[in-house]
Amino acid sequence: MKKYGYLLLFLTTAFACQNTSNDKQQQVEIPEQQDSIGEHIQTDSLSASPKEIITTAEVDSIIDGRILMPTTYRVWENEVVSKVINKNWLELHHKNGSYHVQSVSYHIENEDEEPCSGLPTETIVPKEDVLVFFDIPSIQKGAVDSVAFKNKIIEPGKPFEFTYKNQKYKLQATGILFHKDQERNNPNARYTLKLYKDGTYLRTIIDQTAYNDTSTELEFIGDLDKDGLPDFIFSSPRDYEERRMIIILSASPYAYDGNVQFDC
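Our subject in this report is the structure included herewith.

Calculation criteria
- Residues numbered from 1 in each chain as written.
- Predicted model: local features only at pLDDT ≥ 70, side-chain atom pairs only at ≥ 80, totals over all residues.
- Heavy atoms only, no water.
- 1 Å grid on protein atoms, 1.4 Å probe; cavity = no way out; pocket = protein on both sides within 12 Å on 5 of 7 lines; lining within 4 Å.
- Points joined across faces, edges and corners; volume = space filled by probe spheres on them.
- Helix = DSSP H or I, 4+ residues; strand = E, 2+ residues; numbered from the N terminus.
- Nonpolar A, V, L, I, M, F, W, Y, C, P; charged D, E, K, R; others polar.
- Pairing = 2+ DSSP bridges.
- Axes fitted to C-alpha atoms, helices over the stretch in contact; angles between N-to-C directions.
- Buried < 20%, exposed > 50% of the residue type's maximum accessible area, 1.4 Å probe, protein only.

**Overview of the layout of surface pockets**
- A volume near 470 Å³ is recorded for the largest pocket.
- In terms of lining residues, the largest pocket is bounded by 19 residues, among which Leu 68, Tyr 73, Glu 79, Asn 259 and Val 260 are the most central.
- Residue assignment for the lining of the largest pocket shows that the elements contributing at least two residues are β2 (67-68), β3 (72-74) and β17 (255-261).
- Among the elements that make up the lining of the largest pocket, the one with the highest residue count is β17 (four residues).
- Residues of the lining of the largest pocket, tallied by class, amount to 10 nonpolar, five polar and four charged.

**A closer look at the sheet that holds strand β7 (residues 121-126)**
- Strand order in this open sheet of three strands is β3-β7-β6, and the pairing throughout is antiparallel. Looking at the sheet topology across the chains shown, the edges are occupied by β3 and β6 (106-111). For this sheet the average axis-to-axis angle between neighbouring strands, irrespective of direction, equals 25°.
- Summarising the sheet, β6 and β7 pair through six bridges and their orientation is antiparallel. Bridge pairing links Glu 109 to Thr 123 in β7.

**A look at unusual backbone geometry**
- At Asn 166, a residue that is not glycine, the phi angle is positive and equals roughly 65°.
- By secondary structure assignment, the location of Asn 166 is in the loop between β10 (160-164) and β11 (167-175).
- The backbone phi angle of Asp 213 is positive, close to 60°, even though this residue is not glycine.
- Within the secondary structure, Asp 213 is located in the loop between β13 (200-208) and β14 (217-222).
- The exposure class of Asp 213 is partly exposed, given its relative accessible area of 26%.

From the geometry alone we can't say anything about function, so treat these as descriptive.
The following block contains the structure:
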């Protein structure tokens, strides 16, 4: 009888020990689940920050040769503007108070010798009031929904806010104060222009480090590629003997640049 009693006591003790071991194991597993959830939350919160920066289109991210202007071009050996522009190009023109994108309508005027350079020239003369000509496949024909504005120069400390498609945007500048006497002839001055939407940073659309008696001026805001988001056109020469236009499309990480020199 005592043998059975010892056996019963032994089995009871062993079972209790097993339960204690299982409880300890469960207590170890619970914190592991909490840690994994915590890491997941932390990862999501960290990944939210980079989403604010969508794309950048800075001076060194520019595609050249897709924009021409209604102006005079010098004829070099391998650079003849009449052989660049053709019926496949489009133009942005202003007519009856609104902007339109359509196939180019122009003629070329020739000059045998420009007085300044001594070179022959070709001038693109448009039929309409054209801002720019371009060969950019994503831009679509038709009337363009645009934003009216008064001041072309966005000065540092004076952000420009506008509404487009019920969304609030802001252009905010830092750097050079254009046309101030102490900075007029500073070719190394920097100007940066950033775009915000509903208070969130979207992209840097201008980051230029060369201004020799020139400025960056806003020429156009509107939806050129029909994606419901604003696109921009700036005049931004780096020197007073240069004409330069930049097109910035919302769907493109690159800006499009067109420039012409008229230095003597």
